[in-house]
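# Remarks on the overall topology
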Protein chains: 2
Amino acid sequence: MTQGRPTMNDVARSAGVSLKTVSRVVNGETTVAPALVARVREAVASLHYRPHLGASMLRRNDRRTSTIGLLLTDVGNPFSAMLHRAVEDEARPRGVYVLTGSLDEDPDRERELVRAFARRHADGLILVPAGPDQGYLALELPDGVPVVFVDRPAAGFPGDTVLTGNAAGAAEAVRHLIGYGHRHIAYLGDLARIATARRRLRGYLGVVEDAGLPPTVVGGLHDTAAAEASTLDLLRRTQPPTALFTAQNLITIGAVRALRRLGLQHAVALVGFDDFPLADLLDPGVTVVAQDPAEMGRAAARALLKRMDGHTAEPREIRIPTTLIPRGSGEIPG
Amino acid sequence: MTQGRPTMNDVARSAGVSLKTVSRVVNGETTVAPALVARVREAVASLHYRPHLGASMLRRNDRRTSTIGLLLTDVGNPFSAMLHRAVEDEARPRGVYVLTGSLDEDPDRERELVRAFARRHADGLILVPAGPDQGYLALELPDGVPVVFVDRPAAGFPGDTVLTGNAAGAAEAVRHLIGYGHRHIAYLGDLARIATARRRLRGYLGVVEDAGLPPTVVGGLHDTAAAEASTLDLLRRTQPPTALFTAQNLITIGAVRALRRLGLQHAVALVGFDDFPLADLLDPGVTVVAQDPAEMGRAAARALLKRMDGHTAEPREIRIPTTLIPRGSGEIPG
DNA sequence: TTGAAAGCGCTAACAC
DNA sequence: GTGTTAGCGCTTTCAA
């Protein structure tokens, strides 16, 4: 019955017209007699003909696939997932579909995925950079394929960049704690390679120094367990801090666990960077500086689609502000 | 400088060999003299040649793109996101990449996305069905493109199906509550179209009836707010239940909020279907019947890849068991 | 307005 | 081992 799917030629034969006429109808050209259009449409329907995008792409001049690539830290984490959803929502009305992949902070994986998506003729890329340098993009990507960077600045390749107010958000958190009378505020975070972490630390240090307070920095925390352990150590010191600023999601949760274990959750103040579900249901509710991943995704997708439409201008830097959400843990006086 | 990217012909000219020899080298065929291989490799590198997958696909017999489509309820929700990640992890070592999309329980959207992915020559699909019938797949998909269904059974198209033990999990939750002495256990859930919800309700009803207990069913709950309101109503009745079984994530959270507001969180027992982050940090910890989205994703991807490898056998039904995780709220005696 | 021929970049089939 | 020829399904170019 089916020996491969039907081609334009099959449709042409079935409709009694030439191949080219079918092509014209399928592509919505208006220079075809209505009677022929109808015959072709009928044949298309009865044969269940679907145009072969690859073949069309090969011959066409514009060579668009209406597909973009989205390279995230980890498609499974809630932050990435919300960003992903926002990108899809912007792309959907344009008939643009999304290839996705997780980089796990691995620069090799970043380049591998870029190459894979380039081979699949993505019209553009949205990238949360894992590596320190994106110069390779010039080699992997055909000319004219735009890239928008998200959450971290890129190096070596031009593109719009969507960033959160990392330093500003951290500064706001620390100022909030100072406003409640705290004079000894500790920073818990991941000081690693990642530019994001450094910016948050800078925000903390700036405010603490301006206020003439002693900085306490605990770095190198990558997961909940490490954060919990470090927080326990910190609070058992002879001069423990009266307030904590945790620079990331998982670290905040580790700190909450530690405070519980010591029964200090109503005694030591806490503000975390990044919101998380149910933060309001804990006791006390956890005060956070929330990012807006959905807005970041929307902004990135809009910037990319604009470039794909031929918009050429100097790469822009788009900054999405953070919001401090007081829920109790950050309003414990010092 | 760049007038389009280089083709195999450019490489052949640059290396002083024939087009076909380049093709052989690029495709890793072993019947080429080492000296020529080296010359071709060099030319490939210096010209930054990248093979044109579309053209290759067009001519090749097997016509594979090493791309699969993943159609989820909502890429932004944690359950879908974890499933997505597991699929990616299975596909990655095979050099298979993933097109993703959200259906939002909309059958039209389901068909639209299937068509879009088929046009992009996905080698296979993993689908969380939104609509009641998947018969259209036979028209939209080329012959031989396998589909694996996840989380819900499909109709009208053959394919492996990965399901959670919905009825069994619900039954276990209710039995757990009965084991703690409860005789009046209410069901809160979404009774809508969705097969999943009906199965959970069936699990509840089966156990309750077998135990000779009166069923109390509150349905039509779609979000946290509705669940909170309904729970409040329920607990203010003259004969309130002593235990709640909430059939879904968001409903569980709504119920938790309601119990808090009434100060009953240590008096009324609660078991929820679906785990959620921080369930253990609440007071009391929330006992749940946990699904395993990662295992569902792995199973689906493995089944799909096997079919893509030519495995032909009767479609299988793969059932991923649930796990009851006691954390406190389900162990309050009745 | 419609059609015939050429060819996009690549690989299958068959020479040499 | 290597090269030549034909052609995948479609759009371009140009002629009718």
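Predicted, not measured: the structure shown is a model, and the values here were computed from it. (Residues numbered from 1 in each chain as written. Chains lettered and ligands numbered in written order. Predicted model: local features only at pLDDT ≥ 70, side-chain atom pairs only at ≥ 80, totals over all residues. Heavy atoms only, no water.)

This next bit is on the nonpolar core. Among the nonpolar cores identified, the biggest contains 46 residues, and Leu244(A) and Leu244(B) are the most heavily contacted of them. Sorting the residues of this core by element identifies strand E6 (185-188), helix H10 (224-235), helix H11 (249-262) and strand E10 (287-290) of chain A together with strand E6 (185-188), helix H10 (224-235), helix H11 (249-262) and strand E10 (287-290) of chain B as the ones contributing at least two each. Residues within four places of Leu244(A) in sequence aside, it is in contact with Leu177(A), Ala186(A), Leu188(A), Thr231(A), Leu234(A), Ala255(A), Leu259(A), Val268(A), Ala269(A), Leu270(A) and Val271(A). Counting 40 residues, the second largest nonpolar core, distinct from the first, contains Leu71(A), Ala116(A), Leu103(B) and Phe157(B). (Core = buried A, V, L, I, M, F, W, Y, C linked by side-chain atoms within 4.5 Å. Buried < 20%, exposed > 50% of the residue type's maximum accessible area, 1.4 Å probe, protein only. Helix = DSSP H or I, 4+ residues; strand = E, 2+ residues; numbered from the N terminus. Contact = heavy atoms within 4.5 Å.)

Considering all chains together, one arrives at 46 salt bridges over all chains under this definition. Its salt-bridge partner being Arg109(A), residue Glu112(A) comes within 3.0 Å of it at the nearest N-O pair. Placement of both Glu112(A) and Arg109(A) in helix H6 (residues 107-119) is noted, with a separation of three residues, approximately one turn of the helix. When its relative accessible area of 34% is taken as the criterion, Glu112(A) is described as partly exposed. Residues joined by salt bridges that share partners form a network here, namely Asp74(A), Asp104(A), Arg109(A), Glu112(A), Arg85(B), Glu88(B), Asp89(B) and Arg92(B). (Salt bridge = Lys/Arg side-chain N within 4 Å of Asp/Glu carboxyl O.)

Partitioning chain A into domains gives domain 1 (8-51), domain 2 (67-163 + 293-320) and domain 3 (166-292 + 324-331). In this structure, domain 1 of chain A and domain 3 of chain A have C-alpha centres spaced 65 Å apart. (Domains from an automatic or database assignment.)

Moving on: the protein's contact with DNA strand C. Taken together, 26 residues lie around DNA strand C, and Thr21(A), Ala33(A), Arg59(A), Met8(B) and Tyr49(B) are the ones closest in. Among the atoms of DNA strand C lying within 4 Å of the protein, the sugar-phosphate backbone contributes 66%. At 2.7 Å from a phosphate oxygen of DNA strand C is found a side-chain nitrogen or oxygen belonging to Ser23(B). Among the elements of the structure, helix H2 (19-26) and helix H4 (53-59) of chain A together with helix H2 (19-26) and helix H4 (53-59) of chain B are those that each provide at least two residues to the surface near DNA strand C. The biggest single contributor to the surface near DNA strand C is H4(B), with four residues. For the surface near DNA strand C, the residue count by class is ten nonpolar, nine polar and seven charged. (Near = heavy atom within 4 Å. Polar contact = N/O pair within 3.5 Å; in protein donor to acceptor, adjacent residues only side chain to side chain. Nonpolar A, V, L, I, M, F, W, Y, C, P; charged D, E, K, R; others polar.)

The next point concerns the UniProt feature "domain: HTH lacI-type" (unreviewed entry) in chain A. Here the UniProt-annotated "domain: HTH lacI-type" (unreviewed entry) positions come out as residues 6-60 of chain A. Annotated as residues 6-60 of chain A, this span is 67% helix and 0% strand, and its ends, taken at the C-alpha atoms, are 20 Å apart. (UniProt positions renumbered as here; feature names shortened; annotations may be inferred.)

Moving on: helix H9 (residues 195-210) of chain A. Residue and element names in this part refer to chain A. Helix length check: H9 (16 residues) gives 22 Å between terminal C-alpha atoms against 22 Å at 1.5 Å per residue, within 8%. Those residues of H9 that fall on the buried side of the exposure criterion are Thr196, Ala197, Arg199, Arg200, Leu201, Gly203, Tyr204, Val207 and Val208. Of the residues one or two after H9, Gly212 is the one with positive phi, at around 70 degrees. (Expected span 1.5 Å × (residues − 1).)

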